[in-house]
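A structural walkthrough
Chain by chain, the residues run as shown.
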Amino acid sequence: MLIIRPPLHRSRSPFHGERHDRRVRRAAHLRDSRAMMWQTPGCDFVRLKTMRIILGAFVYFLLVMTAGFALGTVRELLFVPTFGRDVGEPLETPFMLMAIVVSAWAATGWCRVPPDVRHRLGMGVLSLVLVLVAELSLSPFVRGSVEAWFDSFTPLTLALALVLWATHAVMPILVRRG
């Protein structure tokens, strides 16, 4: 049987002395402050969740706008000349719906948005606001004026746009990831 005995003298290793004691105390302080952060309302944890929601909304906005820009180009160059505006614009809707679902799923996972309904709804609504602001601010360059953007809606395309916008706002709640 092997018996291990402590040394008779203390060596001056980096694990002894005043510097080591300061490191141990600092590590314990950091550990305690991190534990307190999770328990204290209004602390850094709340800011972290808020930043995840804002970042998730921005990523969601970028993904949906990129898909919308690509699908809008395909719609204007392929669907509308082939089928006309009344048929070409509704043909884009299922593809845009798939883009919204995939974008919401990806953004909530990548940005680790909390799975609470209010956090996910906040992410979706903030992203929808960004989409609408981008649509309104880009419409003078694409259609000539903001009024032309409003005039481009037929009753059917306006109804589809409203459904897509509402879906855009609530889709982060409906996807289960996190």
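Everything discussed here concerns the structure shown above.
What comes next concerns the included structure. All figures in this text were calculated on a predicted structure; none of them were measured in a lab.

Thresholds applied
- Residues numbered from 1 in each chain as written.
- Predicted model: local features only at pLDDT ≥ 70, side-chain atom pairs only at ≥ 80, totals over all residues.
- Heavy atoms only, no water.
- Helix = DSSP H or I, 4+ residues; strand = E, 2+ residues; numbered from the N terminus.
- Buried < 20%, exposed > 50% of the residue type's maximum accessible area, 1.4 Å probe, protein only.
- Contact = heavy atoms within 4.5 Å.
- Areas by Shrake-Rupley, 256 points an atom, 1.4 Å probe, with all protein chains shown as cover.
- Axes fitted to C-alpha atoms, helices over the stretch in contact; angles between N-to-C directions.
- Left-handed = near helix turned anticlockwise from the far one by under 90°.
- Nonpolar A, V, L, I, M, F, W, Y, C, P; charged D, E, K, R; others polar.
- Salt bridge = Lys/Arg side-chain N within 4 Å of Asp/Glu carboxyl O.
- Expected span 1.5 Å × (residues − 1).
- Bend = angle between axes of the 7 residues up to and from the residue.

Secondary structure summary: the chain contains 6 helices and 0 strands in total. Taken from N to C terminus, the helices and strands of the chain fall in the order α-α-α-α-α-α. A burial count over the chain gives 28% of its 178 residues as buried. In the chain, the proportion of contacts linking residues at least 24 apart, taken out of those at least 6 apart, comes to 71%. Accessible area for the chain stands at about 12,400 Å²; split by element, carbon and sulfur atoms hold 69% of it.

So, on to the packing of helix α4 (residues 117–142) against helix α6 (residues 155–174). Put simply, α4 and α6 touch, their axes get as near as 7 Å, and they point 150° apart. When you trace α4 past α6, the crossing you get is right-handed. Residue-level inspection shows V117, R120, L121, M123, G124, V125, S127, L128, V131 and L132 of α4 in contact with α6, the latter providing W165, H168, A169, V170, P172 and I173. Considered class by class, the residues forming the contact of α4 with α6 number 12 nonpolar, 3 polar and 1 charged.

When you line up the elements, V87 lands in helix α3 (residues 85–110). With 70 residues separating them in the primary sequence, V87 and T157 have C-alpha atoms 9.6 Å apart.

What follows concerns unusual backbone geometry. Backbone geometry at R112 places phi at a positive 50°, although glycine is not the residue there. Along the chain, the position of R112 falls in the loop between α3 and α4. Among the residues examined, R112 registers a relative accessible area of 54% and is labelled exposed.

It is worth spelling out the pattern of salt bridges at this point. Counting across every chain of the model gives 4 salt bridges. Among the ionic pairs, E76 bridges to R75, the shortest N-O distance being 3.1 Å. By relative accessible area, which is 13% here, R75 ends up buried. A salt bridge links R75 to E92; the shortest N-O distance between them is 2.6 Å. Taken as a pair, R75 in helix α2 (residues 44–83) and E92 in helix α3 lie far apart in primary sequence, 17 residues in all. Side by side, R75 and E92 carry an identical accessibility label, which is buried. A single network of salt bridges, built from pairs that share partners, joins R75, E76, R85, E89 and E92.

Between the first and last C-alpha of α6 there are 27 Å, a value that for 20 residues agrees with the 28 Å anticipated at 1.5 Å per step. Largest kink in α6: about 35°, centred on H168, with the proline P172 one to four residues after it. Restricting attention to buried positions, one finds in α6 the residues T157, A161, L164, W165, T167, H168, A169, M171 and P172.

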